[in-house]
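Per-entry structural report
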Amino acid sequence: LVRRRVHEVISCADVGDGVFGILNLFGTRYFTKSLYEIHKRDDGMQLVLDVKEAPNGQIKSALQYDLETEISLILNLTYRNLLLKNSRFILEGDISNNPILDINYLKCFGDGHRYSIISGYYYRNSMVPQVENGRTTALFETSLNRFYGGIQASYRKNHLFQLMYAHERADLRARRRAVDT
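Below is a summary of the structure that appears in this document. (Residues numbered from 1 in each chain as written. Predicted model: local features only at pLDDT ≥ 70, side-chain atom pairs only at ≥ 80, totals over all residues. Heavy atoms only, no water.)

Here's the deal with a nonpolar patch on the surface
A cluster of nonpolar residues, L63, Y65, L67, I71, L73, L75 and I95, forms a patch on the protein surface that exposes about 800 Å² of accessible area. Within the residue set of the nonpolar patch, elements represented by two or more residues are strand 3 (57–66) and strand 4 (70–80). Considering every element that reaches the nonpolar patch, the biggest residue donor is strand 4, with 3 residues. Residue position: Y65 is located in strand 3. With a relative accessible area of 59%, Y65 lands in the exposed category. (Patch = residues over 30% accessible without salt bridge, like charges linked within 9 Å, V, L, I, M, F, W, Y side chains within 5 Å. Areas by Shrake-Rupley, 256 points an atom, 1.4 Å probe, with all protein chains shown as cover. Salt bridge = Lys/Arg side-chain N within 4 Å of Asp/Glu carboxyl O. Helix = DSSP H or I, 4+ residues; strand = E, 2+ residues; numbered from the N terminus. Buried < 20%, exposed > 50% of the residue type's maximum accessible area, 1.4 Å probe, protein only.)

Dropping the structure here:
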């Protein structure tokens, strides 16, 4: 249905088909609202779609608490069709004691956007305690930098095949060697 025009005649098979199905409209994330009605008419059935197009970019945020990062502010910027059509750009960050940054760009192509090229950068900084006999004897800071790129293909709804290359660099530094009491 996504590739259809206003007042175009379609078959019942088109309405329920996996590529053109109504249920897939919302899953494309090109719409924030997708409602439909089917009306009987003398010459057949009329399908009426009520859709609201989504903005190209969205910013989301959340507060999170867990034992690893304690309290953190999670920020996400997602922008579609940035630089190239049928693409998605994501910038995510976790502002906390253990910060995370993830930047990636995905370009889809092929029939039904089944194929894509992805590239990105991931950074994580965290503190790792050394515990001996139940006491913290040292605190180490780890830093991970990862650049990656690859191609991927999706088959069916739940299958994704990837061929990726990643270059990683990890550093480990002692921050504190004093014994906690």
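Let's talk about the pairing of strand 3
Look at any regular strand and the pattern is simple: side chains alternate between the two faces of the sheet. By the criterion of burial, strand 3 is predominantly exposed, with just 0 of the 10 residues buried. Two elements, strand 3 and strand 4, share 10 bridges in a ladder whose sense is antiparallel. Looking across to strand 4, one finds that A62 is bridged to I74. (Pairing = 2+ DSSP bridges.)

Focus: the environment of Y36
Residue placement: Y36 occurs in strand 1 (residues 31–41). Sequence separation between Y36 and V51 is 15 residues, and the spatial gap between their C-alpha atoms is 8.4 Å.

Some remarks on the packing of aromatic side chains
One pass over the structure, following the stated rule, counts 3 aromatic pairs. With 4.8 Å between their ring centres and 45° between their planes, Y121 and F147 make a pair best called tilted. Taken together, the residues Y121 in strand 7 (residues 115–132) and F147 in strand 8 (residues 135–155) connect sequence positions 26 residues apart. Ring centres 5.7 Å apart and planes at 55° place the aromatic pair Y155 and F161 in the tilted group. The class of Y155 is partly exposed, set by a relative accessible area of 34%. (Phe/Tyr/Trp six-rings, centres within 6.5 Å; stacked < 30°, edge-to-face > 60°.)

Here's the deal with unusual backbone geometry
Of note in this structure, L83 is not a glycine but carries a positive phi near 75°. As for its placement among the helices and strands, L83 is situated in the loop between strand 4 and strand 5 (87–95). Here N86, not a glycine, exhibits a phi torsion of approximately 60°, which is positive. Mapped onto the fold, N86 is located in the loop between strand 4 and strand 5. Classification of N86 by relative accessible area gives partly exposed; the value is 21%.

Quick word on the side chain of S72
Looking at the secondary structure, you find S72 in strand 4. Residue classification places S72 among the buried residues on the basis of a relative accessible area of 2%. In contact with S72, other than residues within four places in its own chain, are A62, L63, Q64, D94, I95 and S96. (Contact = heavy atoms within 4.5 Å.)

Quick word on the pattern of salt bridges
Taken as a whole, this structure holds 5 salt bridges when the rule is applied. Across the pair R41 and D43 runs a salt bridge whose closest N-O atoms are separated by 3.3 Å. For R41, a relative accessible area of 44% corresponds to the partly exposed category. Notably, a salt bridge pairs R169 with D171, separated by 3.4 Å at the nearest N-O pair. Here R169 falls in the exposed class, since its relative accessible area comes to 52%.

In short, geometric facts, not functional conclusions.
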